[in-house]
Amino acid sequence: AQSVTQLDSHVSVSEGTPVLLRCNYSSSYSPSLFWYVQHPNKGLQLLLKYTSAATLVKGINGFEAEFKKSETSFHLTKPSAHMSDAAEYFCVVSDPSGGYNKLIFGAGTRLAVHP
Amino acid sequence: GAGVSQSPSNKVTEKGKDVELRCDPISGHTALYWYRQSLGQGLEFLIYFQGNSAPDKSGLPSDRFSAERTGGSVSTLTIQRTQQEDSAVYLCASSPREGWSTDTQYFGPGTRLTVL
């Protein structure tokens, strides 16, 4: 079965400092992994996705994530946090067992950015 | 271009009433998904529509929940005899292709359902 574990429910950083949001996955298949962001009262927006090409994936707004098979991890990073990055972030794995792309979401990490 | 739209944005109803939630996917997208986001359960899959085939309803939590997709476009999620545990944000997503692919799923803003 496919699952994801987000290791931190809340992360707090100062503006201009690095961001690290941790995610571990479990998958019976060669996984497709995603990070989505949800700003307050807004819909989910795709930040980036890994689909078995390059292991270092670059996304929007300066975010990137590295797929590490040996560690079953897909951590999200950003070199310098901005106030507008404050939001909830979801690590997601795709479950293809039904012949389609069912998304399995982690519990989410709420990122707070302080001045 | 226009994204996925959902209506209403907010719905407050009394326990035992029926509700209908609507989703308009991105034009031309053939795959449509419903998810639910609740405090206790996080984000969970409900149902998947694939063209004109029968949908995968494996995520629906009870037989009070049903959904249809007319003409391969608009979808309606119906909850009968609502219960307080149905209170959640219901999200719709669409993607360009059916079947197994890594196409991005584009999410609508959601309908926030509150059952009193």
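In this convention, every chain numbers its residues from 1, walking through the sequence in written order. For naming, the first written chain is A and the first written ligand is 1, with later ones following in the order written. With pLDDT at 70 or above as the cut-off, local features in this predicted model cover only qualifying residues; side-chain atom pairs require 80 or more to be listed or tallied, and sums for whole chains, interfaces and linings still use all residues. As a rule here, side-chain values come from all non-hydrogen atoms in the structure, and water together with hydrogens is ignored.

This part takes up the interface of chain B and chain A. In what follows, residue pairs with any heavy atoms lying within 4.5 Å of each other are defined as contacts. Opposite the 20 residues of chain B that make contact, chain A presents 19 residues. Under this definition, polar contacts are N or O atom pairs within 3.5 Å; protein pairs additionally need one hydrogen-donor-capable and one acceptor-capable atom, and for neighbouring residues in sequence, both atoms have to be side-chain atoms. Summed over the shared surface of chain B and chain A, the result is six residue pairs in polar contact (both at pLDDT 80 or more). Elements supplying a minimum of two residues to the side of chain B that touches chain A: strand S4 (31-38) and strand S5 (42-50) of chain B. When residues are grouped by polarity, Ala, Val, Leu, Ile, Met, Phe, Trp, Tyr, Cys and Pro land in nonpolar, Asp, Glu, Lys and Arg in charged, and all others, Gly among them, in polar. In terms of residue class, the side of chain B that touches chain A is made up of nine nonpolar, eight polar and three charged. Going along the chain from the N terminus, every DSSP run of H or I of four or more residues is numbered as a helix, and every run of E of two or more is numbered as a strand.

The subject of this paragraph is the environment of Tyr-36 of chain A. When you line up the elements, Tyr-36 of chain A lands in strand S5 (residues 33-38). Burial status follows relative accessibility: with a 1.4 Å probe on protein chains alone, a residue under 20% of its type maximum counts as buried, one over 50% as exposed, and anything between as partly exposed. Given a relative accessible area of 1%, Tyr-36 of chain A falls into the buried group. Distance in space between the C-alpha atoms of Tyr-36 of chain A and Gly-99 of chain A is 22 Å, their sequence separation being 63 residues. For Tyr-36 of chain A, the contacting residues outside a window of four places in its chain are Leu-44, Gln-45, Leu-46, Leu-47, Glu-88, Tyr-89, Phe-90, Val-92 and Leu-103 of chain A together with Thr-104, Gln-105 and Phe-107 of chain B. Of the polar contacts made by the side chain of Tyr-36 of chain A, one reaches the backbone oxygen of Gln-105 of chain B; its length is 2.9 Å.

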